[in-house]
Amino acid sequence: MIETERLILRPWQESEAGILYKYACDPDIGPIAGWMPHTSVKNSLEIIRTVFAAPETYAVVLKKTGEPIGSCGIMFANGLHSANMKDGEAEIGYWIGKPYWGQGLIPEAVSALLARCFNELGLETVWCGYYDGNVKSKRVCEKSGFKYHHTNSNITSPLGDKRTEHFYNMTKEDYNAIHINRERQTDR
């Protein structure tokens, strides 16, 4: 479990399939990220049992309600991911329910995942990517301190269509520099 100011990141529970479906059935969420909207509570339960059962996959839980409102996770080179990674690297993925867009909750979750990646898991580089047109995801990358790295065009998404994907990354050195600057600003 990971705690932030407004969130708790913890494993998904099978009993939350209905809540997951409530947000993941929205056609404005899944397709832009490369996955089909959930079709039923049963479909959401299957996702909890399979996809969300992967290590380092978290429900994004709003502290004030105790309800999961999205998902985030750290994906490694030996698992499902988009970035071309080596050992010592990972990719962060995320989504959040539409009622919570624009509140800075996913950047807060990503910040906690970055701390885990660099301070606890000892990673050297963390990647983050988004498909062309996913402006909200691009903003999360930039707000979180990732730097643009490259673009892959004409790649096949998990939905089977051709897309352009933009990749950002952050090295341990970048992460340390960001936190040193934040500490200096706090000391002023």
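You'll find the structure just up there.
Residues numbered from 1 in each chain as written. Predicted model: local features only at pLDDT ≥ 70, side-chain atom pairs only at ≥ 80, totals over all residues. Heavy atoms only, no water.

Caption draft 1: A look at the overall build of the protein. The secondary structure content of the protein amounts to six helices and eight strands. Along the protein, helices (α) and strands (β) appear in the sequence β-β-α-α-α-β-β-β-α-β-α-β-β-α when read from the amino end. Against the compact-globule benchmark of 16 Å for 188 residues, the protein has a radius of gyration of 16 Å, which places it among compact chains. Expressed along its principal axes, the backbone C-alpha trace of the protein runs to roughly 50 × 40 × 30 Å. For the protein, the share of sequence-separated contacts (at least 6 apart) that also reach a separation of at least 24 residues comes to 61%. Carbon and sulfur atoms form 51% of the exposed surface of the protein, whose accessible area is close to 10000 Å². Taking the average location of the 21 positive side-chain charges in the protein and that of its 23 negative ones, the two points are 5 Å from each other. (Helix = DSSP H or I, 4+ residues; strand = E, 2+ residues; numbered from the N terminus. Rg over C-alpha atoms; globule rule 2.2 N^0.38 Å. Contact = heavy atoms within 4.5 Å. Areas by Shrake-Rupley, 256 points an atom, 1.4 Å probe, with all protein chains shown as cover. Lys, Arg positive; Asp, Glu negative; His and termini not counted. Charge placed at Lys NZ, Arg CZ, Asp CG, Glu CD.)

Caption draft 2: Broad picture of the packing of aromatic side chains. One pass over the structure, following the stated rule, counts six aromatic pairs. Arranged with centres 5.7 Å apart and planes meeting at 85 degrees, the rings of tyrosine 148 and tyrosine 168 form a pair that is edge-to-face. Of the two residues, tyrosine 148 sits in strand β7 (residues 147-156) while tyrosine 168 sits in strand β8 (residues 162-171), which places them 20 residues apart along the sequence. Accessibility expressed as a relative area gives 48% for tyrosine 148, which makes it partly exposed. Taken together, Tyr130, Tyr148 and Tyr168 form an aromatic cluster joined through their ring pairs. (Phe/Tyr/Trp six-rings, centres within 6.5 Å; stacked < 30°, edge-to-face > 60°. Buried < 20%, exposed > 50% of the residue type's maximum accessible area, 1.4 Å probe, protein only.)

Caption draft 3: Representation of the packing of helix α1 (residues 17-24) against helix α3 (residues 41-49) in the model. It is the contact of α1 with α3, at a shortest axis distance of 8 Å, that shows an interaxial angle of 105 degrees. Relative to α3, α1 is oriented roughly perpendicular. Touching Ala17, Gly18, Leu20 and Tyr21 of α1 are Val41, Ser44, Leu45 and Ile48, all from α3. For the contact of α1 with α3, the class distribution of residues is six nonpolar, two polar and no charged. (Axes fitted to C-alpha atoms, helices over the stretch in contact; angles between N-to-C directions. Parallel < 35°, antiparallel > 145°, perpendicular 65-115°, else oblique. Nonpolar A, V, L, I, M, F, W, Y, C, P; charged D, E, K, R; others polar.)

Caption draft 4: View of the nonpolar core. Leu9, Ile92, Tyr94, Leu114 and Phe146 are the most contacted members of the largest nonpolar core, which has 46 residues in total. Per-element tally for this core: the top contributor is helix α4 (residues 105-120), with nine residues. Sequence-distant contacts of phenylalanine 146, that is, excluding residues within four places in its chain, are made with Ile92, Val110, Leu114, Val126, Trp127, Cys128, Cys141, Tyr168, Asn169 and Met170. (Core = buried A, V, L, I, M, F, W, Y, C linked by side-chain atoms within 4.5 Å.)

Caption draft 5: Spotlight on the side chain of serine 137. With respect to the element layout, serine 137 can be found in helix α5 (residues 135-143). With relative accessibility at 9%, the residue serine 137 sits in the buried group. Reaching out from serine 137, the side chain makes a polar contact with the side chain of tyrosine 94 at a distance of 3.0 Å. (Polar contact = N/O pair within 3.5 Å; in protein donor to acceptor, adjacent residues only side chain to side chain.)

Caption draft 6: View of the side chain of glutamate 56. For glutamate 56, the position within the fold is in the loop between α3 and β3 (57-62). Classification of glutamate 56 by relative accessible area gives buried; the value is 15%. At a separation of 2.6 Å, a polar atom in the side chain of glutamate 56 contacts the side chain of arginine 116. Excluding anything up to four places from it in sequence, glutamate 56 contacts Cys72, Gly73, Ile74, Phe76, Arg116 and Leu121.

Caption draft 7: Looking closely at the environment of threonine 4. Relative to the assigned elements, threonine 4 resides in the loop between β1 (2-3) and β2 (7-10). Residues threonine 4 and glutamate 46, spaced 42 residues apart in sequence, show a C-alpha to C-alpha distance of 28 Å. Those residues in contact with threonine 4 that lie beyond four places of it in its chain are Lys63, Glu108 and Ala112.

Caption draft 8: A look at the sheet that holds strand β6 (residues 125-131). With mixed pairing, eight strands are arranged side by side in an open sheet as β1-β2-β3-β4-β5-β6-β8-β7. Only two strands of the sheet have a single partner each, and these edge strands are β1 and β7. Bridge count for β3 against strand β4 (residues 67-76) is six bridges, and the pairing is antiparallel. Residue pairing in the sheet places valine 61 in a bridge with proline 68 of β4. Helix-sheet contacts for α4 involve β1, β2, β3, β4, β5 (89-96), β6 and β8, and the interaxial angle to β5 is about 160 degrees. This element, α5, spans β5, β6 and β8 of the sheet and lies at about 160 degrees to β6. (Pairing = 2+ DSSP bridges.)

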